[in-house]
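Each chain is listed here by its residues.
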Amino acid sequence: MSKIPVYFMPGLVASPAIFERIKLDESVFETHLLEWEIPKQKESLSDYALRIAQKIKHDNPILIGVSFGGILVQEISKHIKAQKVIIISSVRSNAEFPRRMKIGKTTKAYKLIPMKLILNIENLAKYSFGEKVNKRIKLYEKFLAVRDLNYLQWAVESVILWDRNEVDDNVIHIHGDQDDVFPIKYINKCIVVKGGTHIMILNKYKWLNENLPSIILES
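Please read all numbers here as calculations on a predicted model, not as lab measurements. (Residues numbered from 1 in each chain as written. Predicted model: local features only at pLDDT ≥ 70, side-chain atom pairs only at ≥ 80, totals over all residues. Heavy atoms only, no water.)

(A) Summary view of the overall build of the protein. Assigned secondary structure in the protein consists of 9 helices and 6 strands. Within the protein, the proportion of its 219 residues that are buried is 46%. If you take every contact in the protein between residues at least 6 apart in sequence, the share linking residues at least 24 apart comes to 65%. Accessible surface, the protein: about 12,000 Å² in total, of which carbon and sulfur atoms supply 51%. (Helix = DSSP H or I, 4+ residues; strand = E, 2+ residues; numbered from the N terminus. Buried < 20%, exposed > 50% of the residue type's maximum accessible area, 1.4 Å probe, protein only. Contact = heavy atoms within 4.5 Å. Areas by Shrake-Rupley, 256 points an atom, 1.4 Å probe, with all protein chains shown as cover.)

As structure tokens, this is what we get:
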């Protein structure tokens, strides 16, 4: 029997290394890691998704995306036939955005975000934010893959301006009840991971390793 192709897409600016602790049975699944590319000038999210979709070499794959990667795999599924689309720590429509993101869209406040500061996390780490924040900064430093200002501006705008306003019930949504980026109170329906934060792909990997196979195989 042929293996099930599973393609993973990391979150905003993140490296595929965020999936290093996710282990699927190699006798059943064939895993592939997708990476972010620098967007072309004025490239739409749909066109970008088509470009990434061309890197998928299997028919009817499983698509799994984290955070912004979850939004992207939903866009990719418009261009190719996917067996299943699974999102983690993400949203299935812009109706699930928290109020601050909806306000950001209306006021265009997202244009005021200091992108250069976000990319230069080594400088951030020089200041004392407390042990918890510094620990998270070190984590970001390890998994930050794309340090391109144009990409970051494009990515933030693509999230805020995402035009899907209805939830696709065919998309499987796994979400932590402690997610501080996309709070669960705004999420429609999902598989809830107790104690899961926005970065639970890193610290709830045991739950994912135990449950992802059955979620993928469930008919």
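(B) Molecular detail of the packing of helix 1 (residues 45–53) against helix 2 (residues 68–76). It is at 8 Å that the axes of helix 1 and helix 2 come closest, and there the two elements cross at 80 degrees. Taken as axis vectors, helix 1 and helix 2 run roughly perpendicular relative to one another. Counted together, Leu 45, Ser 46, Tyr 48, Ala 49, Ile 52 and Ala 53 of helix 1 and Phe 68, Ile 71, Leu 72, Glu 75 and Ile 76 of helix 2 form the full contact between these two elements. Taken together, the residues of the contact of helix 1 with helix 2 break down into 9 nonpolar, 1 polar and 1 charged. (Axes fitted to C-alpha atoms, helices over the stretch in contact; angles between N-to-C directions. Parallel < 35°, antiparallel > 145°, perpendicular 65-115°, else oblique. Nonpolar A, V, L, I, M, F, W, Y, C, P; charged D, E, K, R; others polar.)

(C) Quick peek at the pairing of strand 5 (residues 172–176). By the criterion of burial, strand 5 is predominantly enclosed, with 5 of the 5 residues buried. Going residue by residue along strand 5, you find Ile 172, Ile 174 and Gly 176 tucked away on one face and His 173 and His 175 tucked away on the opposite face as well. Bridge count between strand 4 (residues 84–88) and strand 5: 3 bridges; the pairing is parallel. Along strand 5, the bridge assignment pairs Ile 88 with Ile 174. Sheet topology places strand 5 next to strand 6 (residues 191–193); 3 bridges connect them, and they run parallel. Across the sheet, residue His 175 finds its bridge partner in strand 6, namely Val 192. (Pairing = 2+ DSSP bridges.)

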